[in-house]
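Secondary and tertiary structure notes
Here's the letter readout for the chains.
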Amino acid sequence: MVDKIKEHISEIEAFQARNMEEIESFRIKYLGKKGILNQYFAEFKNVSNDQKKDFGQAVNTLKNAAQDKVTALKEQLESTQEEKGIYGDLSRPGEPVEIGARHPISIVKNQIIEIFSNIGFNVSEGPEIEDDWHNFTALNLPEYHPARDMQDTFFIQTNPDVLLRTHTSSVQVRYMEENKPPIRTISPGRVFRNEAISARSHCIFHQVEGLYIDKTVSFADLKQTLLYFTKQLFGKSKIRLRPSYFPFTEPSAEVDIYWGLETETDYRITKGTGWLEIMGCGMVDPNVLQNCNIDPAEYSGFAFGMGIERIAMLLYQIGDIRMFYENDLRFLEQFKSSI
Ligand code: DAH
């Protein structure tokens, strides 16, 4: 019988538990009411007197071994749980690490910034909540000017002087008010218009404004700068400037790039012409310079403005502007490998 007890002891020493349930059933097996130990205790009266001493000692050793094991197992389990609390589950595999993706608007915005910073433009920003002066009046759009209707405006509460900027041209004004020429700056940012949401237009979108003011800036400088830009961004080397109207520039133009007619998509997006309009531009109106305390007799300059969504839609062939704001991972994850 003593040999059998010794076998139990080595079994106890070798035992390992993964959780509390296993420890509990181990405890019941040895130390429970109907457990192995109590069975030996019940056996005690049947043991012959000369063997009682050895038997008693062996049973006691077994009891201690079982009790010590239960305590040790519990301590061990608690300490691994504590570690998990600090470090998470250390046994989990480390790969793959999910990496995020930059939003396509940010990717295109950064590309535009990079292209213009290579030719000496800095980046400037202004507030999204604007006043009438910076968004309209200083830009040669006085109160009741019919061109204000071109941009459906969100006003803040009932104060007509506080509004959500309808274009980043407001940053031009702020920049000219605070800086002396020569000025070479681009202003990316979010703009707001009270427009019906559709596949082509949204009430929130992004623009990049450009401004160049110096002593003898000409329309030729404007065209050459835009040609450089379109070559860099689209890899297309043909542009045309169509006469247009903006209150803050004179003369004004819209810029088309020659996209080509190679695929069916090219036909669809250029309506069969091969040409695509990508931005507005012009020579800064002397009234605007004056409003910003720059002498139009001494300085001239050009400005341009483009929509980032429109350019991203062309570059990535995205058919619906609403995709940019829906945060659908199936869409966003497609930009993972981009910068
Ligand atoms: N602000 C114009 C718009 O939102 C875009 C624009 C056109 C900006 C011509 C300019 C410009 O600076 O010269 O439609």
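Residues numbered from 1 in each chain as written. Predicted model: local features only at pLDDT ≥ 70, side-chain atom pairs only at ≥ 80, totals over all residues. Heavy atoms only, no water.

The name given to the chain in an unreviewed UniProt entry is Phenylalanine--tRNA ligase alpha subunit, and the organism recorded there is Salinimicrobium marinum. The heading Catalytic activity (unreviewed entry) in the UniProt record of the chain holds the text "tRNA(Phe) + L-phenylalanine + ATP = L-phenylalanyl-tRNA(Phe) + AMP + diphosphate + H(+)". (UniProt positions renumbered as here; feature names shortened; annotations may be inferred.)

1. Thoughts on the site of the ligand
Around the ligand sit 16 residues, and of these His167, Ser169, Arg193, Gln207 and Glu209 come closest. In this structure, Phe304 approaches the ligand through a main-chain N or O atom, which is 3.4 Å from an oxygen atom. Bound to the protein, the ligand loses 91% of the 350 Å² it would expose on its own. Those elements that place two or more of their residues in the shell around the ligand are helix H7 (169-178), strand E5 (204-214), strand E8 (275-284) and strand E9 (300-307). In the shell around the ligand, the residues fall into five nonpolar, nine polar and two charged. (Near = heavy atom within 4 Å. Polar contact = N/O pair within 3.5 Å; in protein donor to acceptor, adjacent residues only side chain to side chain. Areas by Shrake-Rupley, 256 points an atom, 1.4 Å probe, with all protein chains shown as cover. Helix = DSSP H or I, 4+ residues; strand = E, 2+ residues; numbered from the N terminus. Nonpolar A, V, L, I, M, F, W, Y, C, P; charged D, E, K, R; others polar.)

2. A closer look at the UniProt feature "binding site: Mg(2+)" (unreviewed entry) in the chain
Residues given the UniProt feature "binding site: Mg(2+)" (unreviewed entry) here are Glu250. Inspection of the secondary structure assignment puts Glu250 in strand E7 (residues 249-258). Those residues in contact with Glu250 that lie beyond four places of it in its chain are Met283 and Asp285. (Contact = heavy atoms within 4.5 Å.)

3. Describing the environment of Ile119
With respect to the element layout, Ile119 can be found in the loop between helix H5 (104-117) and strand E1 (122-123). Sequence separation between Ile119 and Asp132 is 13 residues; the distance between their C-alpha atoms is 32 Å. Apart from residues no more than four positions distant in its own chain, Ile119 is found in contact with Arg184, Thr225 and Tyr228.

4. Quick notes on the pattern of salt bridges
In total, this model carries 13 salt bridges according to the counting rule given. The residue Arg18 makes a salt bridge to Glu22 at a minimum N-O spacing of 2.8 Å. What makes Arg18 exposed here is its relative accessible area of 69%. Accessibility expressed as a relative area gives 23% for Glu22, which makes it partly exposed. A salt bridge links Arg174 to Glu130; its shortest N-O distance comes to 2.6 Å. Remark: Glu130 occurs in strand E2 (residues 129-131) and Arg174 occurs in helix H7; sequence separation between them is 44 residues. Taking relative accessible area as the criterion, Arg174 reaches 21% and is therefore assigned partly exposed. Among the charged side chains, a network of salt bridges with common partners joins Arg240, Arg242, Glu254 and Asp256. (Salt bridge = Lys/Arg side-chain N within 4 Å of Asp/Glu carboxyl O. Buried < 20%, exposed > 50% of the residue type's maximum accessible area, 1.4 Å probe, protein only.)

5. Here we look at the packing of aromatic side chains
Think of a pair of aromatic rings as described by two things: how far the centres are apart, and how the planes are tilted against each other in angle. Per the counting criterion, the structure on display carries 17 aromatic pairs. Judged by centre distance (6.2 Å) and plane angle (65°), the rings of Tyr40 and Phe55 are edge-to-face. With Tyr40 in helix H3 (residues 36-43) and Phe55 in helix H4 (residues 49-87), this residue pair connects regions lying 15 residues apart in the sequence. We classify Tyr40 as buried; its relative accessible area is 8%. Among the residues examined, Phe55 registers a relative accessible area of 3% and is labelled buried. Through successive ring pairs, a cluster of aromatic residues spans Phe116, Phe121, Tyr212, Phe229, Phe302 and Phe304. Here the basic side chain of Lys52 rests over the ring of Phe44, its NZ or CZ set 5.5 Å away from the ring centre. (Phe/Tyr/Trp six-rings, centres within 6.5 Å; stacked < 30°, edge-to-face > 60°. Lys NZ or Arg CZ within 6 Å of the ring centre and 35° of its normal.)

6. Notes on the UniProt feature "domain: Aminoacyl-transfer RNA synthetases class-II family profile" (unreviewed entry) in the chain
Here the UniProt feature "domain: Aminoacyl-transfer RNA synthetases class-II family profile" (unreviewed entry) sits at residues 108-326. For residues 108-326, the helix share is 28%, the strand share is 30%, and the end-to-end C-alpha distance is 18 Å.

7. Description of the pairing of E7
For E7, the buried fraction is high: seven of the 10 residues fall into the buried class. Where strand E6 (residues 239-246) meets E7, seven bridges bridge the pair, whose relative direction is antiparallel. Within E7, the residue paired with Pro243 across the bridge is Ala253. In the sheet, E7 pairs with E8 via eight bridges, with the strands oriented antiparallel. The residue bridging Tyr258 from the neighbouring strand is Trp275, located in E8. (Pairing = 2+ DSSP bridges.)

8. Topic: a negative patch on the surface
There is a patch of like negative charges on the surface, built from Glu75, Glu78, Glu82 and Glu83. As for its position among the elements, Glu82 is in helix H4. (Patch = residues over 30% accessible without salt bridge, like charges linked within 9 Å, V, L, I, M, F, W, Y side chains within 5 Å. Lys, Arg positive; Asp, Glu negative; His and termini not counted. Charge placed at Lys NZ, Arg CZ, Asp CG, Glu CD.)

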